[in-house]
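An overview of the molecular structure
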Amino acid sequence: GSSLPLDQESEETSPFHETESLREKALVDLEGALELISDESKAALMEARQRMPDTVNKEADPIRFLRLEKYNTWAATRRLVAYWSTRKKLFGERAFLPMNQTGEGTLNRFDIAGLCTGYLAFLPNDNCGRRLCYCDTSKIASQSAATRIRVSFYMALIACAFAFQHMTLPTYYT
């Protein structure tokens, strides 16, 4: 595979050309790979799909995982399973609620209070357009380790969502 960042790849160095047929086939292959993963390993993902199918596709779109892994189906499947396992471990039963700051989603009132301290904050993009996050640990000392980890997970999800929404893809990704 190529070691160039996604936005710097050329047609010659890219291992594939994303098309609608590639996306469809990759999603079918991802489901096939998922069938080969143990029930225990994929339990959180399967529970999420059962309990909140629309949110699963909105907040953890398998295409994002496939793109991140350059359409390596096995790697994308493992990453998707790990995402949901981690989310369930961090948020417990709230993992299956929408990831938001309303108090009705994954973040509880302590997490929201931790988020409101501003200990993690997005800075203006750097010269390359990358999203930067600043951490001021002096603002979070009174928060539990669990709250800090959940808030960090939430902020990472926001950063990833932003990156995928604003990613300038080569023309062959359309």
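Below is a short write-up of the structure. Since we're looking at a predicted model, the values are computed, not measured.

Rules used throughout
Residues numbered from 1 in each chain as written. Predicted model: local features only at pLDDT ≥ 70, side-chain atom pairs only at ≥ 80, totals over all residues. Heavy atoms only, no water. Buried < 20%, exposed > 50% of the residue type's maximum accessible area, 1.4 Å probe, protein only. Helix = DSSP H or I, 4+ residues; strand = E, 2+ residues; numbered from the N terminus. Arc of directions from axis to C-beta. Contact = heavy atoms within 4.5 Å. Core = buried A, V, L, I, M, F, W, Y, C linked by side-chain atoms within 4.5 Å.

With respect to helix α2 (residues 43-51)
Within the sequence span of α2, burial applies to Ala 44, Leu 45 and Ala 48. All buried residues of α2 fall inside an arc of 100 degrees around its axis, so they share one side. Tucked inside the fold, the buried residues of α2 contact α1 (20-35), α3 (53-59) and α5 (73-91).

Thoughts on the side chain of Thr 55
Residue position: Thr 55 is located in helix α3. In this structure Thr 55 comes out as buried when scored by relative accessible area, which is 16%. Not counting the four nearest positions on each side in its chain, Thr 55 is found in contact with Ala 60 and Pro 98.

Details of the nonpolar core
Leu 66, Leu 80, Tyr 83, Trp 84 and Met 99 are the most contacted members of the largest nonpolar core, which has 34 residues in total. The element best represented in this core is α5, accounting for 6 residues. Those residues within four positions of Tyr 83 in sequence are excluded, and the remaining contacts are Glu 59, Ala 60, Phe 65, Met 99, Phe 153 and Leu 157.

It is worth stressing that arrangement in space is one thing and function is another; only the former is reported here.
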